[in-house]
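# What the coordinates show
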Amino acid sequence: MAKVIQPEQCMRFLKENQSIPKARPGIKLSSKLKWRTHRLQRQRESTGAPRLWALPLLKMCTKMVQVLWGCFLLWNVYISSAWITHPGIKARATQRALDYGVQAGMEMIEQMAKERNLPDLKGSESLEFLKVDYVNYNFSNIKIHAFSFPNTSLAFVPGVGIKALTNHGTANISTNWEVKSPLFQDSGGADLFLSEVYFMGILNLARNDFGQPTLELQDCHAQVSHAHVSFSGELSVLYNSFAEPMEKPILKNLNEMLCPIIIGEVEALNANLSMLEVLTKIDNYTLLDYSLMSSPEITENYIDLNLKGVFYPLENLTDPPFSPVPFVLPERSDSMLYIGISEYFFRSASFAHFAAGAFNVTLSTKEISSHLVRNSQGVGNILSRIAEIYILSQPFMIRIMATEPPVISLLPGNFTLDIPASIMLLTQSENSTAESIVSMDFVASTSVSLVILGQRLICSLSLNRFRLSLPESNHNNIEVLRFENILSSILHFGVLPLANAKLQQGFPLPSPDKISFVNSDVEVLEHFLLISTDLKYETPVKQQPSFYGWEGLNLINGQWGGKPVP
């Protein structure tokens, strides 16, 4: 039997058979190194040649070291790949969304601008033609009444963000004014007309450590080229005669204020985004994690958001025991927004609800009857057949428990949900414990129908087939076989309506407040669901006087806080 060489023996052997060190000119060897060199030389002199008997062992050890290094590298690759995760949801906004954003954005900005006061304009100027050394002025209560930006565009900047550009803008502003000089002082009202307004800036989009989106304005350039002041009041003719010298300092101060004002508003919006709750409570059993997994991916034609899209049981934020499968959104641009929802999203929902006990239900005779009455005229016949089979003289209950998480399958044009469960028929007389009459396992195969309502994905189930697994001793029991048809009717007319009623609340889809989905289409593709939709901005009846227009994002629900995402 060949002798097994251990790795530590190889390392010791290689260490002992290293090349004999040689002293370089001008370098002295230590006494210990001299002794080791002398010993190795004596060994070689005694054999008269290099140790040829050790060459096979040397080759074997060299190969073993290479194998160990290879295993080490493979382990590093495995560890690094384990941290690479794929999104459960992908959202893609196209150029059409940006073009619509210009239109909707102007409505939002106009509404906000009309309800906001601009900072006061203060300064001092000399009026040489009146031989006045100085005039202190103050324009206060500045309000924008109307503005127009006919040439406004939004465009993607690959790898950076979104570029906003507008020129040839105009604005009508009203203000109160006050002037003081050594000769006179007065106050009144005035109208200010601004023209040739220009702005260019790039919104940098990123992600923070909690998976929330962040905004930062880069390269802000804003300028107003012309301003015309028209004073009103008893002495308006006099003041308007020297209004032109006042326009230049107004423009100067205004242009210095524009970018700081815009940057401040973006920072306020970013602060609002940082408070978004990326964990949404869906029901009494689960939470949904909408956190960004990475910074947005931006190309010339679209922006992609990769969201975690995973469900958790309410009291346990542990990832499910399976990983998301990568999927790629099709290259389309006809719609404003595309949302891809992976099979992983629905599998995690199934697993989380199963772990939380959401698929366990006990129905009394009264509850079964109420649902069967609404959904079938044959309730009396079904219940009488159950009573006929088991000769029941007392009320009975049906207990249904999922034995495994329901199995999700998304194939082109086909969304199915298979529910493995057990069913137990029990009777319970007054002042007694429930007694099981019959118990068996079954698998209910259902089809899932999908529709978009508002900002939610609504699902409904319909029963395709029902397979009952009978105990070996009951295969020839005709009464139990008859029970299969009765149970199928109860599931179809009683249990599924209950489930569909629960599903009517739907899954919230990520979208800003006051933005609804229109012209929506849902497709089932290979292992993911594709939603294609346009957007519509719903103009509020009464807008609150605040810049923060996104505080109602669907992501803000309940009291659940975000958690750092790897």
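Residues numbered from 1 in each chain as written. Predicted model: local features only at pLDDT ≥ 70, side-chain atom pairs only at ≥ 80, totals over all residues. Heavy atoms only, no water.

### Remarks on the overall build of the protein
Of the regular secondary structure elements, the protein holds 10 helices and 23 strands. With 566 residues in all, the protein has 40% of them scored as buried. In the protein, the share of contacts with a sequence separation of at least 24, taken over all contacts with a separation of at least 6, comes to 68%. Of the roughly 31900 Å² that the protein leaves accessible, carbon and sulfur atoms contribute 55%. (Helix = DSSP H or I, 4+ residues; strand = E, 2+ residues; numbered from the N terminus. Buried < 20%, exposed > 50% of the residue type's maximum accessible area, 1.4 Å probe, protein only. Contact = heavy atoms within 4.5 Å. Areas by Shrake-Rupley, 256 points an atom, 1.4 Å probe, with all protein chains shown as cover.)

### As for the side chain of Ser532
Its place among the elements puts Ser532 in strand β23 (residues 528-537). Setting aside residues up to four positions removed in sequence, Ser532 forms contacts with Arg332, Ser335, Leu337, Tyr338, Asn519, Ser520, Asp521 and Glu523.

### Description of the nonpolar core
Membership of the largest hydrophobic core comes to 56 residues, with the highest contact counts inside it found for Phe311, Ile341, Phe345, Phe346, Ile400, Phe442 and Leu457. With residues near it in sequence (within four places) discarded, Ile400 still touches Phe359, Asn360, Val361, Ala421, Ser422, Ile423, Phe442, Leu491 and Val495. Phe139, Leu251, Leu258 and Cys259 belong to the second-largest nonpolar core, a separate cluster that totals 44 residues. (Core = buried A, V, L, I, M, F, W, Y, C linked by side-chain atoms within 4.5 Å.)

### A word on helix α6 (residues 244-273)
Between its first and last C-alpha atoms α6 spans 43 Å; for 30 residues at 1.5 Å apiece the expected length is 44 Å, and the two agree. Along α6, the sharpest change in direction is near 25° and occurs at Met257; proline Pro260 comes one to four residues later. (Expected span 1.5 Å × (residues − 1). Bend = angle between axes of the 7 residues up to and from the residue.)

### Some details on the sheet that holds strand β9 (residues 279-281)
Two strands in a sheet stick together by hydrogen bonds in their backbones, pointing the same way (parallel) or opposite ways (antiparallel). Spatially, the 3 strands line up as an open sheet ordered β9-β10-β13, and their pairing is antiparallel. Edge positions in the open sheet fall to β9 and β13 (310-313), since each of these has one partner strand only. When strand polarity is set aside, the average angle formed by the axes of neighbouring strands in this sheet is 30°. Note: β9 against strand β10 (residues 286-289), 3 bridges, orientation antiparallel. Residue pairing across strands places Leu279 opposite Asp289, the latter belonging to β10. Strands in contact with helix α7 (residues 343-355) are β10 and β13; relative to β13, the strand with the most contacts, it is inclined by about 5°. (Pairing = 2+ DSSP bridges. Axes fitted to C-alpha atoms, helices over the stretch in contact; angles between N-to-C directions.)

### Things to note about unusual backbone geometry
For Asn141, which is not glycine, the phi torsion reads 50° and is therefore positive. Using a relative accessible area of 36% as the deciding quantity, one classes Asn141 as partly exposed. Positioned with a positive phi, His527 is a non-glycine residue whose angle comes to about 70°. Locating His527 in the fold gives a position in the loop between β22 (515-525) and β23. According to the relative accessible area criterion, His527 is partly exposed, its value standing at 34%.

### Looking at the confidence of the model for the protein
The predicted coordinates should not be examined in detail at positions where pLDDT is low. Mean pLDDT for the protein: 76, with 69% of residues reaching 70 or above. Segment residues 44-54 is flagged for pLDDT under 50; beyond a separation of four residues in sequence, or across chains, it makes 5 contacts in the model. (pLDDT = per-residue confidence, 0-100.)

### What about the sheet that holds β23?
Read across the open sheet, the 6 strands follow the order β11-β12-β1-β14-β23-β22; overall the sheet is antiparallel. Whereas interior strands pair on both sides, the edge strands pair on one side only; in this sheet they are β11 (297-298) and β22. Bridging between strand β14 (residues 337-342) and β23 involves 6 bridges; their strand directions are antiparallel. Bridging from a neighbouring strand, Ile339 pairs with Ile531 of β23. On top of the sheet, helix α4 (residues 95-114) reaches β1 (89-94) and β23; it is set at about 30° to β23, its chief contact.

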